[in-house]
Amino acid sequence: MTKITAAITGVHGWVPDYVLTNKELETMVETNDEWITSRTGIKERRILKGENQGTSVIGTQAVKGLLEKTGNKAEDIDLLICATTTPDMLFPATANVISNNVGAVNAFSYDLQAACSGFIFALSTASQFIETGKYKKVVVVGADKMSSIIDYEDRQTCIIFGDGGGAVLLEPDTEGYGIKDSILHTDGSGEQFLHMKAGGSRKPASHQTLDAREHYVYQEGSQVFKFAVTNMAEVAADIMAKNNLTSDDVAWLVPHQANKRIIDATANRMGVSSDKVMLNIHKYGNTTSGTIPLCLWEYESQMKRGDNIVLAAFGGGFTWGSVYIKWAYDSK
Ligand SMILES: CC(C)(COP(=O)(O)OP(=O)(O)OC[C@H]1O[C@@H](n2cnc3c(N)ncnc32)[C@H](O)[C@@H]1OP(=O)(O)O)[C@@H](O)C(=O)NCCC(=O)NCCS
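Heads up: these notes are all about the structure in this document. (Residues numbered from 1 in each chain as written. Predicted model: local features only at pLDDT ≥ 70, side-chain atom pairs only at ≥ 80, totals over all residues. Heavy atoms only, no water.)

Quick look at the sheet that holds strand 5 (residues 108–112) now. Ordered in space as 1-7-6-4-5, the five strands form an open sheet in which the pairing is mixed. Looking along the sheet, the strands with just one partner apiece sit at the ends: strand 1 (5–14) and strand 5. Direction aside, the axes of adjacent strands within the sheet are offset by 20° on average. Direction of pairing for strand 4 (residues 79–83) relative to strand 6 (residues 138–145): parallel, over a ladder of five bridges. (Pairing = 2+ DSSP bridges. Helix = DSSP H or I, 4+ residues; strand = E, 2+ residues; numbered from the N terminus. Axes fitted to C-alpha atoms, helices over the stretch in contact; angles between N-to-C directions.)

The next subject is the packing of aromatic side chains. For the structure on display, the rule yields nine aromatic pairs. Residues F108 and F129 carry aromatic rings whose centres are separated by 6.3 Å and whose planes lie at 75° to one another, so their mutual orientation is edge-to-face. Taken together, the residues span a long stretch of sequence, with F108 in strand 5 and F129 in helix 5 (residues 118–131) at a distance of 21 residues. A relative accessible area of 36% places F108 in the partly exposed class. Residue class for F129 comes out partly exposed when judged on its relative accessible area of 21%. Summarising the aromatic geometry, the rings of F227 and W320 are spaced 5.0 Å apart at their centres and angled 85° between planes, so their arrangement reads as edge-to-face. A residue pair is termed long-range when its members are at least 10 positions apart, and F227 in helix 8 (residues 221–242) and W320 in strand 13 (residues 319–326) qualify at 93 residues. For F227, a relative accessible area of 13% puts it in the buried group. A relative accessible area of 11% places W320 in the buried class. An aromatic cluster is defined as three or more aromatic residues linked by ring pairs; in this entry it consists of F108, Y110, F129 and Y135. Stacked on the ring of Y18, the Lys or Arg K49 has its end atom at 4.3 Å from the ring centre. It is R305 that lies over the ring of Y177; its NZ or CZ is 3.8 Å from the centre. (Phe/Tyr/Trp six-rings, centres within 6.5 Å; stacked < 30°, edge-to-face > 60°. Buried < 20%, exposed > 50% of the residue type's maximum accessible area, 1.4 Å probe, protein only. Lys NZ or Arg CZ within 6 Å of the ring centre and 35° of its normal.)

Given below as C-alpha cells:
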C-alpha cells in the first residue's frame, strides 16, 4: 500500500498593525533598546488593540488568507486545530470560533495548548489524521494574543512577547513529501518557572488575584533560558541524527522565536549556518504558538520542493520538540 504523508500545501500569517517598539517600552518600564536588542534580538512586536479582539481575530485572518491563496473552499476543511495559550475564552474552543468565522461548516475543531511548542504539537497531531487516510484537508492554526496576559509593569516579560499567528493547510501526499518525523517532549516539573498563577480552576479569578497581579505570565527568565538553550538544541540535533541528516542536508531551520541567543545556540548545535535560519524575532518578538507559522509564511517564497526543513520549539510546561518536513511545493 502507498504510504500517505501529510504535506503542507499552503501557509498564511497575520499580525496586527500596532507596532510596540523598544523605544515605547522605555517609557513604560526601566529598560532600554540596547539591553533588549543585545539580550533578546527583539526590536519591536505587534499588539492587537481594541475591545473584544481575541486570538480568534488573528486565526480568522490567517485562515481566510490561507483558503484564498490556496484556492480552497471553507466547507471542504475536515478538521481545524488551533494551538493557542490565549484562547478567546476558557470555552468554547477558539478553533470553533475561527471555524465559524470562516464558514468551515463541515469541520470539527478543537484547541491544543502546549505554550510555545503548541504549533509543532498541533502539526504532529494533525498529520496523524492525514496519514491514516481519515481526512483530506486539515488546517493547523498557531496564534496568540500574548498582550492579553502580559504585565506591562514587568520588564522581564513585557519586552519579549507580542501578538500574531499563522495557519497551514495539510493534505495527503504519496510521493514522500510532507511531515516525515517528529520528536515531542514534556516535563511537567517546569511549571514552577513559567506559568500563570490565577484564572484557572486551581485559583479562579477573585479580587485578591487581581490585586496580586496573578493573571499575567510569571517567568523566571534565566531558568527558562538555561532549559531552552539545552533542550531545543538537543532535540533539533536528535531529529537530524534519527533521519540521517547532515547540516548540509538541512535547507532551513525554523526555530521558535523566543530569544536570538537561543536560536543561535540551536543553529550552532546543528552545524547550520545563519543564512539557513528563519528569523523574524526582531519584528514580532515571541508570539508563542504564532512564531513558526509566521516564519514559514515570511520565508515561503524561498523554500523549494524537496527542501529538508527542521522546526524546533520549546515552551512553558515545559514542552519542547522538533519536526522534520520535506517541503512539498515551490511558491508561485
Ligand atoms: C528574560 C531574559 C531576556 C532575561 O535575560 P537574562 O540575560 O537572563 O537576564 P537576567 O534575568 O539574568 O537579568 C540580568 C539583569 O538584567 C536586568 N533586567 C531584566 N530585564 C531587563 C530589562 N527588560 N531591561 C533592563 N534590564 C533588565 C535584571 O534585573 C538583572 O539585573 P541585576 O543583575 O541587577 O539583578 C532571558 O532570561 C530569556 O530570554 N529567558 C528565556 C525567556 C523565554 O524564552 N521565554 C519564553 C519561553 S517560550
